[in-house]
Amino acid sequence: MGTAERRETSGDGTAARDVTRREAAPAVRATGAAGRRADDGPALEAAEGRAAYRPLWVEEPAKRRRLPDPVRTAAVRAVLIIAVTLIQAMVALLCTLAGSWLAFPMVVSSVVSTIAATWAALDVWVTRQVWNQRHGVVSVPSSTARALRRERRQARRQQRAAERERARIRRRGGTGQLSHP
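Residues numbered from 1 in each chain as written. Predicted model: local features only at pLDDT ≥ 70, side-chain atom pairs only at ≥ 80, totals over all residues. Heavy atoms only, no water.

Focus on the UniProt feature "transmembrane region" (unreviewed entry) in the protein
Working step 1: UniProt feature "transmembrane region" (unreviewed entry): in the numbering of this structure it lies at residues 74-101 and 107-126.
Working step 2: In residues 74-101, the share of helix is 89% and the share of strand is 0%. The end C-alpha atoms are 35 Å apart.
Working step 3: Between the C-alpha atoms that bound residues 107-126 there is a distance of 29 Å. The span itself is 100% helix and 0% strand. (UniProt positions renumbered as here; feature names shortened; annotations may be inferred. Helix = DSSP H or I, 4+ residues; strand = E, 2+ residues; numbered from the N terminus.)

Structure (structure tokens):
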């Protein structure tokens, strides 16, 4: 949506459509002229107010699916730990530049915090992998892999059908055959 467009919703916010400035301007003028009283009083103000009303936001569907709860929890934890690590590193730098006695403890805690931040980032990755492995992941195989699987499935079906036919013939005792081997 460019700068010359906006989204217009109905009163209940269910349907939305794009409106350009050219489309919106005649609607404002027409509403203003139709709702005008002889003294150009409150009716004009109400009509202009209705035409100028725009909702603060319009709900749009998410482009990506929401992260699973364990992965999102690990990601939030990692972001918080990384933020604290960056703050500690900045304080350590400033204490070092100022020549404060607090510089050494802050540098040591920054090193420890960096290790914890790395661990937290790895935790997000591992948690995501574990969740995908346990709950399955939507995969989009390539067309060649799909074709190979289709051929294998078809061959297995034919093999099972032939085996069922042999078993059926054995159960019947050979009846229905023209000759017995």
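Observations concerning helix H3 (residues 69-98)
Working step 1: In a regular helix each residue adds 1.5 Å, so 30 residues correspond to 44 Å; H3 covers 43 Å between its end C-alpha atoms and thus fits that length.
Working step 2: Every buried residue of H3 is accounted for by Val71, Ala74, Ala78, Thr85, Gln88, Ala92 and Cys95.
Working step 3: Where H3 is buried, its residues touch helix H4 (103-135).
Working step 4: Of the residues trailing H3, Gly99 is marked for its positive phi of about 75°. (Expected span 1.5 Å × (residues − 1). Buried < 20%, exposed > 50% of the residue type's maximum accessible area, 1.4 Å probe, protein only. Contact = heavy atoms within 4.5 Å.)

Quick notes on the environment of Met106
Working step 1: Locating Met106 in the fold gives a position in helix H4.
Working step 2: Assessed through its relative accessible area of 15%, Met106 is described here as buried.
Working step 3: When the C-alpha atoms of Met106 and Cys95 are compared, they prove to be 8.0 Å apart, with eleven residues separating the residues in sequence.
Working step 4: Non-local contacts of Met106, meaning those with residues more than four positions away in its chain, are made with Gln88, Val91 and Ala92.

Regarding the side chain of Thr127
Working step 1: Looking at the element boundaries, Thr127 is found in helix H4.
Working step 2: Among the polar contacts listed, one links the side chain of Thr127 to the backbone oxygen of Asp123, at a separation of 2.6 Å.
Working step 3: Thr127 has contacts with Pro70, Val71 and Ala74, leaving out every residue within four places of it along the chain. (Polar contact = N/O pair within 3.5 Å; in protein donor to acceptor, adjacent residues only side chain to side chain.)

What about the confidence of the model for the protein?
Working step 1: Mean pLDDT over the protein: 78, with 63% of residues reaching 70 or higher.
Working step 2: The least confident element of the protein, judged by mean pLDDT, is helix H1 (residues 21-34) at 49; the most confident is H3 at 96. (pLDDT = per-residue confidence, 0-100.)

Topic: the pattern of salt bridges
Working step 1: A full pass over the atoms with the stated rule returns five salt bridges.
Working step 2: One salt bridge connects Arg72 with Asp69, and the closest N-O pair in it is separated by 2.4 Å. A residue pair is termed a helical-turn pair when its members lie 3 or 4 positions apart in one helix, as Arg72 and Asp69 do in helix H3 at three residues.
Working step 3: Its salt-bridge partner being Arg170, residue Glu163 comes within 3.8 Å of it at the nearest N-O pair.
Working step 4: Residue Arg170 is classed as exposed on the basis of its relative accessible area, which comes to 58%. (Salt bridge = Lys/Arg side-chain N within 4 Å of Asp/Glu carboxyl O.)

Things to note about the side chain of Thr85
Working step 1: Note on placement: Thr85 falls in helix H3.
Working step 2: The class for Thr85 is buried, based on a relative accessible area of 9%.
Working step 3: Those residues within four positions of Thr85 in sequence are excluded, and the remaining contacts are Ser110, Ser113, Thr114 and Ala117.

Here we look at the packing of H3 against H4
Working step 1: Relative to each other, H3 and H4 sit at 160°, their axes nearing to 8 Å. Compared by their axis directions, H3 and H4 come out roughly antiparallel. In the packing of H3 onto H4, the handedness of the crossing is left-handed.
Working step 2: Classifying every residue of the contact of H3 with H4 gives 20 nonpolar, eight polar and three charged. (Axes fitted to C-alpha atoms, helices over the stretch in contact; angles between N-to-C directions. Parallel < 35°, antiparallel > 145°, perpendicular 65-115°, else oblique. Left-handed = near helix turned anticlockwise from the far one by under 90°. Nonpolar A, V, L, I, M, F, W, Y, C, P; charged D, E, K, R; others polar.)

Quick look at the environment of Gln129
Working step 1: Inspection of the secondary structure assignment puts Gln129 in helix H4.
Working step 2: Owing to a relative accessible area of 35%, Gln129 belongs among the partly exposed residues under this scheme.
Working step 3: It is 9.2 Å that separates the C-alpha atoms of Gln129 and Val71, two residues lying 58 residues apart in sequence.

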